[in-house]
Amino acid sequence: MIDIGLSKMALIGAVALIVIGPEKLPKVARTVGTLLGKAQRYVADVKAEVNRSMELDELRKMKDTMEGAARDVHASVQTHASDFEKSWSSTDVGASESTTTAGESFVAPVTYPEYRHPRKNWRLKQGATPQWYKARNGIRTKALSGAARVARYRPRKAS
């Protein structure tokens, strides 16, 4: 890297002031500053792109190792499943068959318990206080709207 100290910067500034002149020096300094800024942004973009490509390569390697491990696990599961099915079929034949008095073999049917409805209406919200208690003590169980309440409790006209 170029080692530019304060003394070298002052020397470059003095030479530029003499060569370029005091009228054009601010404009040239702005142009040099913008060019240096663009160069720094370009270098930063290149660094970021290189870092992204390195990370992408690492992710690809990780993906390949994971896929290989998944293939190995799948193959081992397949071999164990086939071994299990073979052992299951060999033990299942002897255990599920029974012999009758005539010497015939049959497989006992599998029975499941019959479905029993829970007798609960999930749409109906039930409170903790039982309905019989509310009816006995005169507690209202249904809410009336404002119009229904006015119509119900409006005083009757005497005819």
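Report follows, based on the coordinates. None of the values given here were measured: they were computed from a predicted structure. (Residues numbered from 1 in each chain as written. Predicted model: local features only at pLDDT ≥ 70, side-chain atom pairs only at ≥ 80, totals over all residues. Heavy atoms only, no water.)

**Concerning the pattern of salt bridges**
Part 1: In total, this model carries four salt bridges according to the counting rule given.
Part 2: In this structure, Lys63 and Glu67 form a salt bridge, with 3.9 Å as the shortest nitrogen-oxygen distance. You can see Lys63 and its partner Glu67 sitting in helix H2 (residues 25-96), four residues apart, about one turn around the helix.
Part 3: The class of Lys63 is partly exposed, set by a relative accessible area of 49%.
Part 4: Among the charged side chains, a salt-bridge network with shared partners connects Lys63, Glu67 and Arg71. (Salt bridge = Lys/Arg side-chain N within 4 Å of Asp/Glu carboxyl O. Helix = DSSP H or I, 4+ residues; strand = E, 2+ residues; numbered from the N terminus. Buried < 20%, exposed > 50% of the residue type's maximum accessible area, 1.4 Å probe, protein only.)

**Comments concerning the layout of surface pockets**
Part 1: Considering only enclosed or pocket space, the largest pocket measures out at about 190 Å³ in volume.
Part 2: Lining the largest pocket, in full, are Met9, Ile12, Gly13, Ala16, Leu25, Val28, Ala29, Val32 and Leu36.
Part 3: When contributions to the lining of the largest pocket are tallied by element, the ones reaching two or more residues are helix H1 (6-20) and H2.
Part 4: It is H2 that contributes the most residues to the lining of the largest pocket, five residues altogether.
Part 5: Considered as a void within the structure, the second largest pocket measures approximately 160 Å³ in volume.
Part 6: Looking at the second largest pocket, the residues that line it are Leu124, Lys125, Gln126, Gly127, Thr129, Pro130, Gln131 and Lys134.
Part 7: Within the lining of the second largest pocket, the residues separate by chemical class into two nonpolar, four polar and two charged. (1 Å grid on protein atoms, 1.4 Å probe; cavity = no way out; pocket = protein on both sides within 12 Å on 5 of 7 lines; lining within 4 Å. Points joined across faces, edges and corners; volume = space filled by probe spheres on them. Nonpolar A, V, L, I, M, F, W, Y, C, P; charged D, E, K, R; others polar.)

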